[in-house]
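One-letter residues, chain by chain:
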Amino acid sequence: MDRRSFLAATAATVGGGLSAQAQNYSDYTQDPRPDVPEGTCTAGSLDGPVLAGSPMVMGPAADAISILQPMQRMGTGYLEFAVADGPWQRVDGGHAGLLPLSEHVLKFRLPPLPPGQEVRYRIVAHTIGWVKVRQFYHGELKAGEPQTSEVRSFRTLDPDAATTNFVVWNDTHENSETLKQLHERTSPLRPDFMLWNGDQSNDLHFEQDMAGQILNPAGLAVGDQWPIAYVRGNHECRGPAAPALAQFTGAPDDRYYYGFRSGPLAAIVMDTGEDKPDDSPYFGGMAAYGPMQERQAEWLKAIVQEPWFRDAPHKALFCHIPLWFRHPKLTANAFDGHRHCRGLWEKTLVDAGVKLVISGHTHDYLWMPADANRPIGQLIGGAPQPAYATLIEGTATHDELNLKMTKLDGSLVAEVKLTA
Ligand SMILES: [Fe+2]
Ligand SMILES: [Fe+2]
């Protein structure tokens, strides 16, 4: 084939759409979008305020910290952190050398940090936008002026600490009043970590809303001064934006099951997935939580053998859907997830000495002590409505694990004391 007939054949193959000539980007006389004026921002954002709200520190273990910064314009950036009085160190997010680019959130995974240390951090970001130049639709890349967040700090968990204190929220479901009051109750406690036990949202509909749902709920800075232990609820499995959850959370390895140690407490977080069987028509063929729960069962068998867990004075499981549940309003098959998880995990938990499950989901707070039919005590937190919402405060020493569940007005709902 000579050159002329090769070009003709290529043009024929391209057919119907762009001509071979229009793809020649060195030909300035050809404009693929005559309707778009020169200088138009065709992607990203031009200079302007780029950071939105406050960052959230997630992990919670010192070797599994991610920090997420909400954005209000498309931009890129990096994070700087300093341990105690040490020098600033830079963390680039993104992947394979390309820094992150997002209009909603920048996520930075920190290297393993030393335990029990104050860590200062700040985010530096700028807008990124592309403007049309001649026929080049994304002709020129324009970077905005760098903007630096204020310096914030948190303290890393210390597995060797003599004591720990923590708080648990659950089922806040975007209720602003409840979130505000939980935050007001939590701040003076300055917990070592805050565990958010699922159903942060009323389903995940739009990525543009997710930073507001998870990172700055009700516009509050709930996770910039202590690490958040993130637990996925069934509502974070729902909606067209649910696949984007990992962009807005910092669970270790982006899995919603993990373990960590804070002083005398060894904690396991597990992912109970959805509340109905995978083949429920409600999920439209998108559910495979059963196999994930089986993988967690194998993971659990291994992790409870690790010394940090095995040798801890207190062992607790945090999971959104309770492992034991009865409710007169629900038919037997309307709430199947808990039976599947319990069947897979219970023996390992009991054999490993786990003595407490802390859950949510039912919107009906309840303490269920261990008994002949239930080998592990289970504490279920309250509802999204302020009148039924609860705050769980936990403290542990070597000898005792104490939990206090109160309503938002401070009235006591349940008190649990477990000994080593
Ligand atoms: Fe809920
Ligand atoms: Fe739930």
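For clarity, every value in this text was computed on a predicted model and none was experimentally measured.

Let us now look at helix 3 (residues 207-215). Residues spaced three or four apart along an α-helix face the same direction, because each turn holds 3.6 residues. Where helix 3 is concerned, the buried positions are M210, A211, Q213, I214 and L215. Contact partners of the buried residues in helix 3: strand 2 (56-58), strand 3 (66-70) and strand 6 (105-109).

Turning to helix 2 (residues 176-186), its buried residues number three or more, namely T178, L179 and L182. Mapping the buried residues of helix 2 onto a view down its axis gives an arc of 100°, with all of them on the same face. The secondary structure elements touched by the buried residues of helix 2 are strand 11 (164-169) and strand 20 (390-396).

For the bond running from G59 to P60, omega is 10°, close enough to zero to count as cis. Secondary-structure assignment places P60 in the loop between strand 2 and strand 3. At D203, a residue that is not glycine, the phi angle is positive and equals roughly 75°. Note on placement: D203 falls in the loop between strand 12 (193-197) and helix 3. You can call D203 partly exposed: it has 17 C-beta atoms within 10 Å.

In this section: the sheet that holds strand 17 (residues 356-359). Taken in spatial order, the 6 strands make up an open sheet running 14-15-16-17-19-18, and their pairing is mixed. Every other strand in the sheet has two partners, leaving strand 14 (258-262) and strand 18 (366-368) as the edge strands with one partner each. Neighbour-to-neighbour, the strand axes of this sheet turn through a mean angle of 20°, independent of strand direction.

Here the focus is the nonpolar core. Considering soluble globular proteins, one finds that nonpolar side chains tend to be buried as a cluster. Ranked by internal contacts, the top residues of the largest apolar core, which has 86 residues, are M194, L195, V231, V269, L317 and F318. Counting residues per element, this core draws most heavily on strand 15 (residues 265-270), which supplies 6 residues. Excluding anything up to four places from it in sequence, V269 contacts A229, V231, Y257, Y258 and F318.

The next subject is the pairing of strand 15. The buried fraction of strand 15 is high, at 6 of 6 residues. Neither face of strand 15 is open: one carries L265, A267 and V269, the other A266, I268 and M270, and all of them are buried. Where strand 14 and strand 15 come together, 5 bridges link them in antiparallel fashion. Within the sheet, the bridge partner assigned to Y258 lies in strand 15 and is V269. Between strand 14 and the antiparallel strand that follows it, strand 15, lie 2 residues; G263 among them carries a positive phi value of about 55°. Sheet topology places strand 15 next to strand 16 (residues 314-319); 6 bridges connect them, and they run parallel. Bridge pairing links V269 to F318 in strand 16.

With that settled, consider the domain arrangement of the protein. For the protein, the assigned domains read domain 1 (41-53 + 69-153) and domain 2 (157-419). Computed over C-alpha atoms only, the centres of domain 1 and domain 2 are separated by 30 Å. Every contact between the two is made by 9 residues of domain 1 and, on the other side, 17 residues of domain 2. Here the side of domain 1 that touches domain 2 is built from residues that sort into 4 nonpolar, 3 polar and 2 charged.

Moving on, we come to the confidence of the model for the protein. Any residue range with low pLDDT should be treated as having predicted coordinates unsuitable for detailed reading. Mean pLDDT over the protein stands at 92; residues scoring 70 or higher make up 90%. Below pLDDT 50 for its whole length, residues 1-21 participates in 8 contacts with residues either more than four positions away or in separate chains.

Among the 6 residues of strand 16, 6 are classified as buried, and the element is accordingly described as predominantly covered. Side chains of strand 16 alternate between two faces, with H314, A316 and F318 and K315, L317 and C319 buried alike. In this structure, strand 16 lies alongside strand 17, joined through 3 bridges in parallel fashion. For F318, the partnering residue across the bridge sits in strand 17 and is I358.

A separate point is the environment of D63. Secondary-structure assignment places D63 in the loop between strand 2 and strand 3. The exposure class of D63 is partly exposed, given the 15 C-beta atoms found within 10 Å.

Right, let's get into the environment of L366. Counting through the fold element by element, L366 comes out in strand 18. Between the alpha carbons of L366 and I214 there is a distance of 25 Å; along the sequence they are 152 residues apart.

In this section: the environment of M56. Position of M56 relative to the elements: it lies in strand 2. Judged by C-beta crowding, with 28 C-beta atoms within 10 Å, M56 ranks as buried. Ignoring any residue separated from it by four or fewer positions in sequence, one finds M56 in contact with L68, L215, G223, D224 and I228.

The rules we used
Residues numbered from 1 in each chain as written. Chains lettered and ligands numbered in written order. Predicted model: local features only at pLDDT ≥ 70, side-chain atom pairs only at ≥ 80, totals over all residues. Buried ≥ 20, exposed ≤ 12 C-beta atoms within 10 Å, placed from the backbone. Helix = DSSP H or I, 4+ residues; strand = E, 2+ residues; numbered from the N terminus. Contact = placed C-beta atoms within 7 Å. Arc of directions from axis to C-beta. Pairing = 2+ DSSP bridges. Axes fitted to C-alpha atoms, helices over the stretch in contact; angles between N-to-C directions. Core = buried A, V, L, I, M, F, W, Y, C linked by C-beta atoms within 7 Å. Domains from an automatic or database assignment. Nonpolar A, V, L, I, M, F, W, Y, C, P; charged D, E, K, R; others polar. pLDDT = per-residue confidence, 0-100.

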